[in-house]
Structure formats: structure tokens, C-alpha cells
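A closer look at the structure
Residues per chain, in single letters:
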Amino acid sequence: MTPEQRYLFDVTGYLHIEGAVKGNALKEAQEAVDRYIHTPLDERPEGFTTRPRELEPGKGGRYEHGFAFDRSLEAMTVHPAIWPLIKEFTYDKPRFVTGTLTLEQHHPVRQHPVGLHCAREGRHWLTRYEVQNSQIYCNDFVAFFYLTDVRPGDGGLIVIPGSHKSKFERPEDLLTPGPDGINPEPDDVFTNITPKAGDFVVISELLTHGVLQWKPKDRDRRFLILRYRPQYEGQPSLPETIINRLTPEVQELVEAASYGHTKEIVKQDVVKLSV
Ligand SMILES: O=C(O)CCC(=O)C(=O)O
Ligand SMILES: [Fe+2]
């Protein structure tokens, strides 16, 4: 993690890492996502469930465990652009939690509104963001990996920069839907992040964030939601059928472990996955 990244993440609660994946690696990941999305219901490999259930191929929704569908996607869980952050935020005790693929299409009515939220609201564990010895500790964070471009005006992820350090309850009427009943009125307080395919956006779950309606009718928004926590907090919840598909390196990353244990994978500065 560079001093610049550390400074920006500390001040804002998020980091937009541009152009992390390019060329063939990006193309392979995009093709794998396309394959998952378009696999007929009765041909989806075991464990690859969707939300809503029985989601028609190609339709907008959550394609669970998308990261495990193909090695090119699994590689994103330990990509060199985010691996130093994963190690730093967990003080070298990381656990990979889940990796959902989300496909968002234009919908005239927001079916499942993703209003402003953060881990301060309604989580059963204590989410922490601390700095000690010039190192960031963060016990609940997400890396979004984008497979398609988001352009200004499209919609997508919004954040309130700096809100990961907020000490006050968020007023309920902050950024509630405007006259169209879907989108809040534009307001300088939030930033709409517009990643391109191949970018990562890393956020602390303490950062207040939400989603604007996806406007384009001819393009969709595709991204992986990669979640991480310390190895000694919480228990793995991935189904065995999914875990069995993974490389030994990512299988180890998924495991819970005691505070004193050091995983083999953290001894590597750049992770090479077995094929
Ligand atoms: O759609 C997004 O960009 C963010 C989704 C999100 O925040 C969530 O699923 O909790
Ligand atoms: Fe979220």
C-alpha cells in the first residue's frame, strides 16, 4: 500500500484503483462473467445460486459466488492491486468472505432499493477502523471489481467521503428519493464513483454508501463484490461445492483461523495461484 493510497483511504474511507486489470486478463474475466450470466438454469454448476432465485439467464440480479466460476475471476480475490491493502487492513490475518457477481440493468422502478447504508447500522459485530503505527486496521471491507464501464450520469455507487469516521447517527431523511421516487436530488455531499472495466474500488464497510438508479438502457453494470474480514472474526459461510472448486491458496484464504496463526498465503507479497 503506497503512502498516497494510505492517506487517501484514511481521509475518504475508499480507494479507486484505476486500470488494475487490462488486456487478456480483463477479457478472460469479462468472458467468464458472460458465461456465468448466460448459462441456462439447468446447466449452472452446483452451488451457483442467484438472487432472486431462478433468475433467468442474462437478467439483472445477484449471481452468487461469481468469483468461483472461473480462475480468471478467482484471481481477483488476491490481485496485486489489492493484496497489499488486504494484508495491511487485517494486520496480515485475512479471511476472504464472499464474492458475489452483480449484474445491474436499467429498471424503470427500483425493485430492490439500495439506500444509504453502512456497517454502523444493524450489524451484530463491532466494525472498526483504526490507525496504529502508521498502519490502517479495518475489520470489514469490500473490494468491488468492475467488468464494465460506469460513465458520469449513468448511476451506480455513491459514497459520502469521510463518513467511515462519523460519530453521529445518519439523519434518516438524508438523500431520500426525490420527485421521481427513485433517485435523491443531486447533492454535493455524496460522490458518484464511476469506475471503468478493470478498476477496483475498495471501501470500508463503515463508509456510508448507496446506489443510484442505473440509467443506460443499452448497457449494464457488472462487478464482483469481494468481502474480507480478519481470519479470527466470524466463520466461513461458503458452500462446500464452491470451496472445493477453489485453488489451495484461496481455500486457505477462506479459512477461519486463530489470532496467533499465520497463513501461508500472507508470506507472499504477490500471490501466484495454482492452476
Ligand atoms: O451496487 C453497488 O455498487 C453497491 C452494492 C452494495 O453496497 C451492497 O450490496 O451492499
Ligand atoms: Fe453495501
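I will try to describe carefully the structure that is included in this document. Since the model is a prediction, treat every value here as computed from it, not as a measurement.

Basis of the calculations
- Residues numbered from 1 in each chain as written.
- Chains lettered and ligands numbered in written order.
- Predicted model: local features only at pLDDT ≥ 70, side-chain atom pairs only at ≥ 80, totals over all residues.
- Heavy atoms only, no water.
- Helix = DSSP H or I, 4+ residues; strand = E, 2+ residues; numbered from the N terminus.
- Pairing = 2+ DSSP bridges.
- Donors = N, O, S within 2.8 Å, 3.2 Å for Na, K, Ca; no water.
- Tetrahedral: all angles 85-135°; square planar, octahedral: opposite > 155°, others 65-115°.
- Buried < 20%, exposed > 50% of the residue type's maximum accessible area, 1.4 Å probe, protein only.
- Contact = heavy atoms within 4.5 Å.
- Axes fitted to C-alpha atoms, helices over the stretch in contact; angles between N-to-C directions.
- Arc of directions from axis to C-beta.
- Core = buried A, V, L, I, M, F, W, Y, C linked by side-chain atoms within 4.5 Å.
- Near = heavy atom within 4 Å.
- Polar contact = N/O pair within 3.5 Å; in protein donor to acceptor, adjacent residues only side chain to side chain.
- Areas by Shrake-Rupley, 256 points an atom, 1.4 Å probe, with all protein chains shown as cover.
- Nonpolar A, V, L, I, M, F, W, Y, C, P; charged D, E, K, R; others polar.

Structural notes on unusual backbone geometry
Arg 51 connects to Pro 52 through a cis peptide bond whose omega is -5°. With respect to the helices and strands, the residue Pro 52 is situated in the loop between strand S2 (50–51) and strand S3 (61–63). Positive phi is not limited to glycine here, since His 65 has a value of about 60°. Structurally, His 65 is set in the loop between S3 and helix H3 (71–74). Unlike most non-glycine residues, Ser 134 shows phi in positive territory, near 60°. Along the chain, the position of Ser 134 falls in the loop between strand S5 (129–132) and strand S6 (135–138).

A closer look at the sheet that holds strand S8 (residues 156–159)
Taking strand neighbours across the sheet as the criterion, the three strands line up as S9-S8-S11 in an open arrangement whose pairing is antiparallel. Sheet topology places strand S9 (191–192) and strand S11 (209–212) at the edges, where each strand pairs with a single neighbour. Across two bridges, S8 lies against S9 in antiparallel orientation. Considered in S9, the bridge of Val 159 is made with Thr 191.

Some words on the coordination of the iron ion (ligand 2)
Coordination sphere of the iron ion (ligand 2), protein contribution only: His 117 (NE2) and His 209 (NE2), at 2.1 to 2.2 Å. Around the iron ion (ligand 2), the four donor atoms sit at angles spanning 74 to 164°, and that spread fits a shape best called irregular. Here the residue His 117 occupies a position in the loop between strand S4 (94–104) and S5, and His 209 occupies one in strand S11, the gap between them amounting to 92 residues. For His 117, a relative accessible area of 29% puts it in the partly exposed group. Here His 209 falls in the buried class, since its relative accessible area comes to 6%.

Regarding the sheet that holds strand S7 (residues 141–146)
Reading across the sheet, the seven strands line up as S1-S10-S7-S12-S4-S3-S2 and stay open at both edges, with antiparallel pairing between neighbours. One side of each edge strand has no neighbouring strand; the edge strands of this open sheet are strand S1 (14–17) and S2. Judged from the four bridges that link them, S1 and strand S10 (residues 200–204) form a sheet pairing that is antiparallel. By the bridge assignment, Ile 17 is partnered in S10 with Phe 200. Running over the sheet, helix H2 (residues 23–38) touches S3, S4, S7 and strand S12 (221–230) and is turned about 70° from S4.

Some words on helix H1 (residues 3–12)
An α-helix turns once every 3.6 residues. As a result, residues three or four positions apart point the same way. Buried within H1 are the following residues: Gln 5, Phe 9 and Thr 12. Down the axis, H1 shows its buried residues gathered within 85° of arc, on one side only. Exposed residues pointing more than 90 degrees away from the buried face of H1 are listed as Pro 3 and Tyr 7. Summarising the contacts, the buried residues of H1 are in contact with S1, helix H4 (83–89), S5, S6 and S10. Following H1 by one or two positions, Gly 13 has its phi on the positive side, about 90°.

Notes on the nonpolar core
Phe 67, Phe 89, Phe 200, Val 202 and Leu 226 are the most contacted members of the largest nonpolar core, which has 54 residues in total. The element best represented in this core is H2, accounting for six residues. Among residues more than four places away in sequence, those in contact with Leu 226 are Phe 67, Met 76, Thr 77, Phe 96, Thr 98, Gly 99, Phe 141, Val 142, Ala 143 and Phe 200.

Here we look at the site of ligand 1
Taken together, the residues surrounding ligand 1 are Arg 62, His 117, Phe 144, Leu 157, His 209, Val 211, Arg 221, Phe 223 and Arg 227. Separating an oxygen atom of ligand 1 from a side-chain N or O atom of His 117 is a distance of 3.1 Å. In the complex, the protein chains occlude 87% of the 290 Å² of accessible area that ligand 1 would expose alone. Of all the elements in the fold, those that place two or more residues in the shell around ligand 1 are S11 and S12. The greatest single-element share of the shell around ligand 1, amounting to three residues, is contributed by S12. Split into classes, the residues belonging to the shell around ligand 1 amount to four nonpolar, two polar and three charged.

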